[in-house]
Structures are given as structure tokens and as C-alpha cells.
2 protein chains.
Amino acid sequence: MSVPPLQPHTPTPDQEVSLRIGVLLFPGFQVLDVFGPLDCLNVLSRTHPLTLSLLSHTLDPVTSKVHSYPASIAQSILPTHTFSNPPPLDVLLVPGGLGTRLLDSDPITSSIAFIRSVYPSLRYLITVCTGSGLAARAGILDGRRATTNKRAFREISVWRSEVEWVAKARWVVDGNLWTSSGVSSGIDVILAWIGNVFGEAVARGVADGMEYRMVSDEGDDPFATLYGLE
Amino acid sequence: MSVPPLQPHTPTPDQEVSLRIGVLLFPGFQVLDVFGPLDCLNVLSRTHPLTLSLLSHTLDPVTSKVHSYPASIAQSILPTHTFSNPPPLDVLLVPGGLGTRLLDSDPITSSIAFIRSVYPSLRYLITVCTGSGLAARAGILDGRRATTNKRAFREISVWRSEVEWVAKARWVVDGNLWTSSGVSSGIDVILAWIGNVFGEAVARGVADGMEYRMVSDEGDDPFATLYGLE
């Protein structure tokens, strides 16, 4: 582990206005939940300085493998920081994945505790897929509008009845809380967030460069219908 | 480097019919070119056994950082095999990225040589973005229809005039060669390939599970128009 597979950016002195991005990791995360938004941020960072940290409960590699599919292929990410020693962060990205269901495991209980403790110091919290379930269990979505993965909507939404769960939404913004629907919706929520923070033209430039058809209407969600939520 | 960040799947004896997937890596690869298709394959592997290998010119971590943007954030992948000692492969996925332009570098010259040498033993070659430029330089696209990133189309298509370059296409299939357009089109080409190999319902299931709106028409390409290729 002498060479970290994911390298944080070291800012130069004239880039001290960089937004400091953190990504929360736990075993059984969904790969595209992380790397969809992250590659948009990679492209953004070519023109707008950012820093990146990867946080988990230990510094061990974090696998996307889920116990319910032991023969599946998977990838691992090497964190840069633990939850107990985090760098200052402006933005925390929380992915989802089947690993969120291991509610009694150390990685998930410590993920929830970290979200609860770090949220007051964040400028933005962004969740993808069932990552909003972890934020909900941290209590920070109480009384707020939020969404989650649509196939898992009924399962996740009962985790915390104090949240105003929105079934038909590609993503939902409530204050500094940006929650999105399943897996690929992470690309749409990060582009919407980039549009909000850096301007619509910047978001459009990132999307066009990646030949991605942005969903610009947060209510445009055919998967709510597909999964019988209407 | 005792713990590889990307873990290949070890098949059990009853899964010997697994398709053996390889991903080619070089410095300056585009992250979503790799992890978009790969996460579709992760999901597919929950129901259809696959193995995964990650190949590069050395076993050192391969960074997505490009020299033209030294301050940008980036991620690295640890390969499992070198080009000089590859495992048997059925499928090779070749991503693109700004690193493809370093034509005189060891990683790119050895990537092109590897594509040329391994292609005859593959069942399928799949490229994303400017990855088709590497396949073209390997000579294996001569006389075949292929596409590439649309913003870079004019630049890449002159690399090899023997290729029948198709400007307006989300992806192009010619025999066992599956080439796609820019970055996010890798998700569409892998879903089309899954549909071809495993059946449309399987591809639809992967896409729906990821809440991804499949592009099912390979000619549906607004980016050819956006970048003035019509």
C-alpha cells in the first residue's frame, strides 16, 4: 500500500480557493456512484481547482464486492484518510450500493457517525443512490426533502420516517443537501451541482465534453414509474 | 502494492464458461471510459460469471492524470497483468483519454503493439472514446467501420485513413469490433454488447437497475451535430 491508487490533488499556492471534495467509502459501494460524479469533477478540475480526499473507516482498500454476490467481479479503492482523522472538507459525496444494507457492520455505523459529525462543517452534502439512506440514518435529512434509488425506494424510505421522501425525482435539492436517485443519476446531480456552483455553461461544457446527455429537469424520472412508485 | 486496488475475480469450478474480460490501461486514461462499462459488467457478473484482468505496460499504478492539466484531480488503477504476460482473454476493453495523444511514449506504443498482438485471439474488442484511435494505429480497423470521440473526431480520424470512420454514431459494430463515441458512450456500447451476447432483457435489466436510459439506436448521436461533423 505504499502507492495509493487514488491520488489526491496537491494545490499550488494560487489555488487556495479550491473546493475540498471528500468521497465516503464503505465495502459494497456501487462503482458508478463514485466514478460517475468523480469523473465529472476530474474534468471540472482542469479549469476549476479542486482537491480530493477519499475517506473510510480504515485505510485498508475498500472493495465494491457485496457478500450476496461472492462470485461477482469488483474493484477496490485505497482511502487517503480515515473518518477519525479527516481533512477539512467543503463537499462530501456519499455513494450507495448494496453495502449500505449491512447496518450493524463497523463500516456502515462509522459512515453514519461520520456523516453526522462532519455535516455541520460542510458547504454541500451530495448523495447518490442509497447513500441518502446513510444520510437519513445520520438524522441530517430530518424534515428535509430527499430522494433515493427507485427500486430500493420502499426499503430505504422506511429507514427514517422524519425525512420527506420524494418518489418521482432524478434528484432533489433542499438547502445544501443534494440527494439523487439510482446509480447513474449521480452524474446528473453532480452536473446540476456544478451548474449551481460554477454556472450552467460550465456544467454544459463538462457534459458536452463527456458526450453525456444531461437531465436538466430534476423531475424527469421514468424510473419512479418503472418501479411502481406513482 | 501488496494489496491490489482492483481485484480480479477467481472463478469457481462451475463457472468455467466465464467470459474473460481485460481492460487496457495507460496514463491519462479517461476514468468514466473505464468505470462506466466496468460497472455495467460488475452488475452483469451478479448473474452471469465473468473474470476481470487489468493490463498495462508495467505493474505500476496507472494514473488518469494528464500532463496538460498538472493541477487536476486524478485517480490511479493498479494493473493485474503486463502486456508481456497477459492472461487468456475473450474481450478487451480499450478506453480513451488525453493520454492517447502521447504517441511516442512507451505506454502508448506498447498499448498499440498489445492490441495488434492480442486481437486475433479475442472474441470481441470494445473501444470507448479515443481508444479507437489506438486500435486504428494497431491496424486492426483497416477496412472496417468505426467511430470515436466527436470533439476529437477530425484529429483521430486522420491517424489511419484506411479506417472507414463514421461521424454520426453513438457506437459502431463491424464484426467483432465494437467502437463507441466519447466518454459516456462507453455505457451505451457495453449495454448494446451485453444485449447482443446475453440478450436484450439482460441488458435492459442492467440498465434499469442502474437507472440508466439506454440509447438503443446506435445512430442516435447529437454530438456529431454539436461538433459540426454533419
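In the annotation of an unreviewed UniProt entry, chain A is listed under the name Class I glutamine amidotransferase-like protein and assigned to Aspergillus granulosus.

A. Examining the overall build of chain A more closely. Of regular secondary structure, chain A possesses seven helices and 11 strands. Taken over C-alpha atoms, the radius of gyration comes to 17 Å for chain A, in line with the 17 Å a tight globule of 230 residues would show. Principal-axis analysis of the C-alpha atoms places the extent of chain A at approximately 50 × 40 × 35 Å. Scored against the burial criterion, the 230 residues of chain A give a buried share of 62%.

B. Summary view of the nonpolar core. Judged by nonpolar contacts, the single largest core of 150 residues is most densely connected at Leu92 and Trp193 of chain A together with Leu92 and Trp193 of chain B. The residues contacting Trp193 of chain B, other than those within four sequence positions of it, are Leu19, Ile21, Leu41, Val91, Tyr124, Ile126, Trp178 and Phe198 of chain B.

C. Just the relation of the copies chain B and chain A, in detail. Between chain B and chain A, which share one sequence, the superposing operator has a rotation angle of 180° and an axial displacement of 0.0 Å; the RMSD is 0.0 Å. Interpreted geometrically, this transformation is the action of a two-fold axis. Comparing interface residues between copies, 100% of those in chain B also sit at the interface in chain A, which points to an isologous, same-surface contact.

D. Just the pairing of strand β6 (residues 91-94) of chain B, in detail. Residues and elements named next belong to chain B. Because side chains alternate across β6, one face comprises the buried residues Val91 and Leu93, and the other comprises Leu92 and Val94, equally buried. Two elements, strand β1 (residues 19-24) and β6, share three bridges in a ladder whose sense is parallel. Directly across from Ile21, in β6, lies its bridge partner Val91. Pairing of β6 with strand β7 (residues 124-127) involves four bridges; the strand directions are parallel. Considered in β7, the bridge of Val91 is made with Tyr124. One crossover worth recording links β6 to the parallel β7 by way of helix α2 (residues 106-118), and it is right-handed.

E. Expanded view of the packing of aromatic side chains. Per the counting criterion, the structure on display carries seven aromatic pairs over all chains. Here the aromatic rings of Phe35 of chain A and Phe35 of chain B are separated by 4.0 Å at their centres, their planes lie at 10°, and the arrangement is stacked. A residue pair is termed interchain when its members come from two chains, as with Phe35 of chain A in helix α1 (residues 31-44) and Phe35 of chain B in helix α1 (residues 31-44). Each of the two residues, Phe35 of chain A as well as Phe35 of chain B, counts as buried. Between Tyr124 of chain B and Trp193 of chain B the ring centres are 5.5 Å apart and the planes differ by 85°, which places this aromatic pair in the edge-to-face class. Here Tyr124 of chain B is found in strand β7, whereas its partner Trp193 of chain B is found in helix α5 (residues 185-198), with 69 residues between them in sequence. Per residue, the accessibility class of Tyr124 of chain B equals that of Trp193 of chain B, and both read buried.

F. Expanded view of the packing of α1 of chain B against α5 of chain B. Residues and elements named next belong to chain B. One can describe the packing of α1 onto α5 by two numbers: an axis separation of 7 Å at closest approach and a directional angle of 35°. By crossing handedness, the relation of α1 to α5 is classed as right-handed. Residues Gly36, Pro37, Cys40, Leu41 and Leu44 of α1 touch α5, and the partners they reach there are Gly186, Ile187, Ile190, Leu191, Trp193, Ile194 and Phe198. Along the lines of polarity and charge, the residues of the contact of α1 with α5 split into 10 nonpolar, two polar and no charged.

G. Fine view of the UniProt feature "domain: DJ-1/PfpI" (unreviewed entry) in chain A. Per the UniProt record, "domain: DJ-1/PfpI" (unreviewed entry) is annotated on residues 20-192 of chain A. Measuring from the first to the last C-alpha atom of residues 20-192 of chain A gives 18 Å, for a span that is 27% helix and 22% strand.

H. Expanded view of α2 of chain B. Residues and elements named next belong to chain B. Taking 1.5 Å of rise per residue, the 13 residues of α2 would be expected to cover 18 Å, and the 18 Å separating its terminal C-alpha atoms lies within 8% of that figure. Looking at α2, one finds that the buried residues are Pro107, Ile108, Ser111, Ile112, Phe114, Ile115 and Val118. Seen from one end, α2 has its buried residues packed into an arc of 160°, which puts them on one side. Structural note: α2 exposes Asp106 and Ser117 on the side pointing more than 90 degrees away from its buried face. Lining the buried residues of α2 we find β1, β2 (50-56), β6 and α3 (131-137).

I. Broad picture of the sheet that holds strand β7 (residues 124-127) of chain A. All names here are of chain A. Judged by pairing direction, the sheet is mixed, and its seven strands sit side by side in the order β5-β2-β1-β6-β7-β11-β10 without closing on themselves. At either end of the open sheet lies a strand with only one pairing partner, and these are β5 (81-82) and β10 (171-174). Running at roughly 155° to strand β6 (residues 91-94), helix α2 (residues 106-118) makes contact with β1 (19-24), β2 (50-56) and β6 of the sheet. Docked against the sheet, helix α5 (residues 185-198) engages β1, β2, β6, β7, β10 and β11 (177-180), running at close to 155° with respect to β11.

J. Focus on the interface of chain B and chain A. Every contact between the two is made by 57 residues of chain B and, on the other side, 57 residues of chain A. Contact between chain B and chain A buries roughly 5,000 Å² in total, counting both sides, with carbon and sulfur atoms accounting for 54%. If you sort the residues of chain B by the area they bury against chain A, Ile73, Glu211 and Arg213 of chain B come out on top, with a joint share of 18%. Between Arg213 of chain B and Asp220 of chain A there is a salt bridge whose closest N-O contact spans 3.0 Å. Applying the counting rule to chain B against chain A returns 26 residue pairs in polar contact (both at pLDDT 80 or more). Only α1, β2, β4 (76-77), α6 (200-209) and α7 (222-226) of chain B provide two or more residues apiece to the side of chain B that touches chain A. Here the side of chain B that touches chain A gets nine residues from one element, more than from any other, and that element is α1 of chain B. Looking at the side of chain B that touches chain A, its residues break down into 29 nonpolar, 18 polar and 10 charged.

Definitions and limits used
- Residues numbered from 1 in each chain as written.
- Chains lettered and ligands numbered in written order.
- Predicted model: local features only at pLDDT ≥ 70, side-chain atom pairs only at ≥ 80, totals over all residues.
- Heavy atoms only, no water.
- Helix = DSSP H or I, 4+ residues; strand = E, 2+ residues; numbered from the N terminus.
- Rg over C-alpha atoms; globule rule 2.2 N^0.38 Å.
- Buried < 20%, exposed > 50% of the residue type's maximum accessible area, 1.4 Å probe, protein only.
- Core = buried A, V, L, I, M, F, W, Y, C linked by side-chain atoms within 4.5 Å.
- Contact = heavy atoms within 4.5 Å.
- Least-squares fit on C-alpha atoms with pLDDT ≥ 70 in both.
- Pairing = 2+ DSSP bridges.
- Right-handed = clockwise from strand over helix to strand, strands pointing away.
- Phe/Tyr/Trp six-rings, centres within 6.5 Å; stacked < 30°, edge-to-face > 60°.
- Axes fitted to C-alpha atoms, helices over the stretch in contact; angles between N-to-C directions.
- Left-handed = near helix turned anticlockwise from the far one by under 90°.
- Nonpolar A, V, L, I, M, F, W, Y, C, P; charged D, E, K, R; others polar.
- UniProt positions renumbered as here; feature names shortened; annotations may be inferred.
- Expected span 1.5 Å × (residues − 1).
- Arc of directions from axis to C-beta.
- Buried area = accessible area lost by both parts, 1.4 Å probe.
- Salt bridge = Lys/Arg side-chain N within 4 Å of Asp/Glu carboxyl O.
- Polar contact = N/O pair within 3.5 Å; in protein donor to acceptor, adjacent residues only side chain to side chain.

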